[in-house]
Amino acid sequence: MYTISNKTGIPFYKLSPGGNTTLLIPAAAVPAERRAVVAAELMDNLHLGAEQVGFIDLDAEMPGIGMMGGEFCGNACRCLAALLVMLAEEGPDSWPVTGSLRSSGADAPVAWRVQPDANATGGLDAAVRIALAGAALTELEPGLIRVDVPGIVHLLLDESRHPMPADPAGEAAAWRQRLNLTAEPAVGCIRHAPLGAKEQYIRPLVWVRATDSSCPETACGSGSLALALALRAACGASKINIRQPSGENIAVELETGPGGVLCGWIGGPVRLIAEGKAYLK
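Residues numbered from 1 in each chain as written. Predicted model: local features only at pLDDT ≥ 70, side-chain atom pairs only at ≥ 80, totals over all residues. Heavy atoms only, no water.

**Focus on the nonpolar core**
Short version of the rule: Within this scheme, the nonpolar core is defined by two criteria: the residues are buried Ala, Val, Leu, Ile, Met, Phe, Trp, Tyr or Cys, and they are joined through side-chain atoms within 4.5 Å. Whether a residue is buried, partly exposed or exposed follows from its accessible area with a 1.4 Å probe, protein chains only, as a fraction of its type maximum: under 20%, in between, or over 50%, in that order. Strands here mean DSSP runs of E at least two residues long; helices mean DSSP runs of H or I at least four residues long; both are numbered from the N terminus. Note on definitions: a residue-residue contact is assigned when non-hydrogen atoms from the two residues lie within 4.5 Å.
Counting residues in each nonpolar core, the largest one holds 66 residues, and the members touching the most others are Leu24, Ile65 and Val252. Sort the elements by how many residues they give to this core and helix 2 (residues 74-87) lands first, with 9 residues. Ignoring any residue separated from it by four or fewer positions in sequence, one finds Ile65 in contact with Leu24, Gly54, Phe55, Ile56, Ala76, Cys77, Leu80, Leu101, Arg102, Ser103 and Ser104. Counting residues in each nonpolar core, the second largest holds 11 residues, with Ala172, Trp175, Cys189 and Leu205 among its members.

**Describing the environment of Ala32**
Within the fold, Ala32 resides in the loop between strand 2 (22-26) and helix 1 (35-43). The class for Ala32 is exposed, based on a relative accessible area of 56%. Distance from Ala32 to Met68, taken between C-alpha atoms, is 9.4 Å for residues 36 residues apart in sequence.

**Re helix 1**
Within helix 1, the full set of buried residues consists of Val38, Ala39, Glu41, Leu42 and Met43. Looking at the buried positions of helix 1, the neighbouring elements they touch are strand 1 (10-16), strand 2, strand 3 (52-57) and strand 16 (260-278).

**A closer look at unusual backbone geometry**
With an omega of -5°, the peptide bond between Trp95 and Pro96 qualifies as cis. As for its placement among the helices and strands, Pro96 is situated in the loop between helix 2 and strand 5 (97-103). At Asn180, a residue that is not glycine, the phi angle is positive and equals roughly 55°. Residue position: Asn180 is located in the loop between helix 3 (168-178) and strand 11 (186-196). Asn180 gets classed as exposed once you look at its relative accessible area, which sits at 67%.

**Observations regarding the packing of aromatic side chains**
Quick note on the threshold: Pairing of aromatic side chains here covers Phe, Tyr and the six-membered ring of Trp, requires ring centres within 6.5 Å, and sorts the geometry by plane angle: under 30 degrees stacked, over 60 edge-to-face, intermediate tilted. By definition here, charges over rings are those cases where NZ of Lys or CZ of Arg is within 6 Å of the ring centre and within 35 degrees of the ring normal.
All chains considered together, the criterion is met by 0 aromatic pairs. One residue, Arg35, lies across the ring of Phe55, its end atom 5.3 Å from the ring centre. Positioned over the ring face of Trp265 is Arg113, at 4.2 Å from the centre of the ring.

**Focus: the pairing of strand 3**
Successive side chains on a regular strand alternate, one facing one side of the sheet and the next facing the other. Heads up, the rule is: The pairing criterion for strands is at least two bridges between them, as found by DSSP. A clockwise course of the path from the first strand over the helix to the second, judged with the strands pointing away from the viewer, identifies a crossover as right-handed.
A large share of strand 3 lies buried, amounting to 5 of its 6 residues. Two elements, strand 2 and strand 3, share 5 bridges in a ladder whose sense is parallel. Across the sheet, the residue bridging to Thr22 is Gln52, located in strand 3. Taken together, strand 2, helix 1 and strand 3 constitute a β-α-β crossover, and its handedness is right-handed. Relative to strand 4 (residues 64-67), strand 3 is paired through 4 bridges, and the arrangement is antiparallel. Paired with Asp57 across the bridge in strand 4 is Gly64. Connecting the antiparallel pair strand 3 and strand 4 is a turn made up of 6 residues.

**Side note on the pattern of salt bridges**
Quick note on the threshold: Within this document, salt bridges are pairs made up of a side-chain nitrogen of Lys or Arg and a carboxyl oxygen of Asp or Glu, the two lying within 4 Å of each other.
This structure, assessed with the given rule, holds 7 salt bridges. For Asp57, the salt bridge goes to Arg102, with nearest N and O atoms at 3.8 Å. Here Arg102 lies in strand 5 and Asp57 lies in strand 3, a separation of 45 residues in the sequence. Given a relative accessible area of 37%, Arg102 falls into the partly exposed group. Residue Arg191 pairs with Glu171 through a salt bridge whose shortest N-O separation is 2.8 Å. Of this pair, Arg191 sits in strand 11 while Glu171 is found in helix 3, placing the two residues 20 residues apart along the sequence.

Shown next as structure tokens:
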């Protein structure tokens, strides 16, 4: 009989933050120099299947996450926050539960809050606070805005001017070359269109340099934040729901001060889909 006793399994948690399936792997299970290769294999649809991988440290005084390409990912941070609450030995005495975590691509700790999902989807509602003091918006041409947020650059494409092409990944690669973005850790192309006065729809595609992967994501937290920043600049909105390709919303709330936008909260449902051990080739 075949046995797997001689193989070392990699522990994993698979979560869905509004759709954007995320694998969280204990950092101690994979050497740093192997993480990009391991992440690419685990993400494959013929393996665990996911849109991104984060390597987590649950034992540190402040838990941390390092993304597969060293980028920042708001949805992965939301997953870690939800997982911390799920793994707690005792349930909370009161909601919301709050804390802080460390993340690749973020210079300062990322605050989080977790509470039950009001829509009763069987999961939690997790939100993270992203410092935006260094964020920058640049209108490159009509219908195209570059937004730099911590750990990732997003290109916002107005879908009325830039309809979805036959080859979205190829077009995104052409934008990166044209705009000299190939050295960035991650770049998103975020097509957007209005759904109403207070809601927008996005179609995100995110490229990660370390794995050279271009993923049409089912949800994108930092892309939603980038769009919210552009909408605030255009019409002053500070709260907006962004409809994701999964059909779920990510809620964005911007906090402002004398110097402008100080930070943004992104939140929404997070569900644990699976956990166990994965085996590599």
